[in-house]
Amino acid sequence: MASAELIEGLNHALNREVSTFLRYMLQGASIKGAQWAPAREMYLGEVTDEVGHALYLAEKIVMLGGTPMLDPDLTPPPSDVRKMLENDIAQEQIDVKGYIKLAELADKEGLADLKLRMEDQAADEAGHAEAMQRLLG
Ligand SMILES: [Fe+2]
Ligand SMILES: [Fe+2]
């Protein structure tokens, strides 16, 4: 059985993921201008990654006896592409730390598969931050 702390942490991560894929979808759809075409493609491409993270978390919460609770952040994103990228780099870095913490918690609770998956998701988010950093130059 998973602890309430772990279920709560997974639900927090689920909401961060749902907020992220909604934001990336909107930002990808909104970006115009040939010079920002790579940023648009990056955002639209990452929507799928973040949906995959969210789906894994929702299913895992259920399998551990919890209930997925949705309360996403619907704050409108910035319209300036550089601001989007700077904001999202910071958010991706927060996600890396969050997944490392969840991996440690899962390890303590003997959930080896969850620990590995949380480490994978941490690495995915670190890769997203790097891709955005590259676009900023
Ligand atoms: Fe993610
Ligand atoms: Fe990400």
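Note that this is a predicted model, so its numbers are computed, not measured.

J.: Explain helix α4 (residues 112-136) here, please?
T.: Owing to its 3.6 residues per turn, the α-helix aligns residues three or four sequence positions apart on the same side. With 25 residues, α4 extends 37 Å from end C-alpha to end C-alpha; this agrees with the ideal 36 Å at 1.5 Å per step. Among the residues making up α4, those that are buried are Leu 114, Met 118, Gln 121, Ala 122, Glu 125, His 128, Ala 129, Met 132 and Leu 136. Trailing α4 by a residue or two, Gly 137 shows a phi angle of about 80°, which is positive.

J.: Just checking my understanding: could you explain the coordination of the iron ion (ligand 2) for this structure?
T.: Tetrahedral coordination by four donors sets the ideal angle at the metal to 109.5 degrees; octahedral coordination by six donors sets it to 90 or 180 degrees. Donor atoms from the polypeptide that coordinate the iron ion (ligand 2) comprise Glu 50 (OE), Glu 92 (OE), Glu 92 (OE), Glu 125 (OE) and His 128 (ND1), at 2.0 to 2.3 Å from the metal. Between consecutive donor residues of the iron ion (ligand 2), the sequence gaps follow E-x41-E-x32-E-x2-H. A separation of 3.9 Å is found between the iron ion (ligand 2) and the iron ion (ligand 1), both of which receive a donor from Glu 50. Residue Glu 125 and its partner His 128 are located together in helix α4, separated by three residues, close to a single helical turn. Classification of His 128 by relative accessible area gives buried; the value is 5%.

J.: Could you clarify how one ought to interpret the layout of surface pockets in this entry?
T.: Empty space among the atoms can be located by rolling a probe the size of a water molecule over them. As a volume, the largest pocket reaches approximately 340 Å³. Every residue lining the largest pocket is counted, 17 residues in all, and those nearest its centre are Ser 19, Arg 23, Asp 73, Leu 74 and Thr 75. For the lining of the largest pocket, the element with the most residues is helix α1 (residues 4-30), which contributes eight residues. Tallied by class, residues from the lining of the largest pocket come to six nonpolar, seven polar and four charged. In this structure, the second largest pocket encloses a volume near 250 Å³. What lines the second largest pocket is a set of 14 residues, and nearest its centre among them are Gly 9, His 12, Gly 98, Lys 101 and Leu 102.

The rules behind each value
- Residues numbered from 1 in each chain as written.
- Chains lettered and ligands numbered in written order.
- Predicted model: local features only at pLDDT ≥ 70, side-chain atom pairs only at ≥ 80, totals over all residues.
- Heavy atoms only, no water.
- Helix = DSSP H or I, 4+ residues; strand = E, 2+ residues; numbered from the N terminus.
- Expected span 1.5 Å × (residues − 1).
- Buried < 20%, exposed > 50% of the residue type's maximum accessible area, 1.4 Å probe, protein only.
- Donors = N, O, S within 2.8 Å, 3.2 Å for Na, K, Ca; no water.
- 1 Å grid on protein atoms, 1.4 Å probe; cavity = no way out; pocket = protein on both sides within 12 Å on 5 of 7 lines; lining within 4 Å.
- Points joined across faces, edges and corners; volume = space filled by probe spheres on them.
- Nonpolar A, V, L, I, M, F, W, Y, C, P; charged D, E, K, R; others polar.

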